[in-house]
Amino acid sequence: MNKLNKWTLFTVTALLAWSNTSWSAESIDMNEPPFYMSSYDEFADLQQDQKELYLQKLLTLKEKIPSLDYVNKEKLDEGSEWYATWDGMRKKLYNSCQEKELLPACEEFADLRIEVLNLHANQKEENRNAAAAAQTAKTK
């Protein structure tokens, strides 16, 4: 082969390899639905009891997503303080949620996010009264 053919072959091979790389992380817009996990800013705006509940339940749910095996309590605590760690976990979750077999687990993450956000949601007066009565009954 002459040099031109070798260069062409190398270029074509490199382009094919490049085109076969996974671009899912870049093609996923985590600012568009579905929202599986709170952004760092959304998490930072939560009240302390919401944060604690969210982190506690994330620790349990993460067992259902193989790419989050590395996440432990310390990693979640670090993520709650540093956006880069939080965003790294979030990207791994969103990438995993592209696999159809993991969608039920991903929906649980989305449900948890909504549950935590609704913890202090502005409710109608009768709902607040019912919740207060239920809480009082639990403490008795």
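Everything quoted here is computed from the prediction, not taken from an experiment.

About the cut-offs
- Residues numbered from 1 in each chain as written.
- Predicted model: local features only at pLDDT ≥ 70, side-chain atom pairs only at ≥ 80, totals over all residues.
- Heavy atoms only, no water.
- Helix = DSSP H or I, 4+ residues; strand = E, 2+ residues; numbered from the N terminus.
- Buried < 20%, exposed > 50% of the residue type's maximum accessible area, 1.4 Å probe, protein only.
- Contact = heavy atoms within 4.5 Å.
- Disulfide = S-S within 2.5 Å.
- Salt bridge = Lys/Arg side-chain N within 4 Å of Asp/Glu carboxyl O.
- Core = buried A, V, L, I, M, F, W, Y, C linked by side-chain atoms within 4.5 Å.

**Q** How should the environment of Lys64 be read in this particular structure?
**A** Topologically, Lys64 is positioned in the loop between helix 4 (48-61) and helix 5 (73-81). Residue Lys64 is classed as partly exposed on the basis of its relative accessible area of 40%. When sequence neighbours within four positions are dropped, the list of residues in contact with Lys64 reads Leu102, Ala105 and Glu108.

**Q** Even after reading the chapter, I still don't get the state of the cysteines, so can you show me in this structure?
**A** Formally, a disulfide is one covalent bond, and it connects the sulfur atom of one cysteine to the sulfur atom of another. Counted by the stated rule, this structure contains 1 disulfide. Between the sulfur of Cys97 and that of Cys106 lies a disulfide, 1.9 Å long from S to S. Note on the Cys97 and Cys106 pair: the S-S dihedral is about -100°, so by sign convention the disulfide is left-handed. Residue Cys106 is classed as buried on the basis of its relative accessible area of 0%.

**Q** Please clarify how the pattern of salt bridges should be interpreted in this entry.
**A** Opposite charge on two side chains permits them to pair, given that their charged atoms come into close proximity. If you walk through the whole model with that rule in mind, you get 5 salt bridges. Across the pair Glu42 and Arg113 runs a salt bridge, and its minimum N-O distance is 2.9 Å. Taken together, the residues Glu42 in helix 3 (residues 40-44) and Arg113 in helix 7 (residues 103-118) connect sequence positions 71 residues apart.

**Q** Hey, could you run me through the nonpolar core in this one?
**A** For soluble globular proteins, the rule of thumb is that nonpolar side chains tend to be buried together. Core analysis: the biggest nonpolar cluster contains 28 residues, and Trp86 and Leu93 have the highest contact counts within it. Elements with a contribution of two residues or more to this core: helix 3, helix 4, helix 6 (83-96) and helix 7. Not counting the four nearest positions on each side in its chain, Trp86 is found in contact with Met37, Ser38, Ser39, Tyr40, Phe43, Tyr54, Leu55, Leu58, Gly79 and Ser80.

So far we have only geometry, and geometry alone does not tell us how the molecule works.
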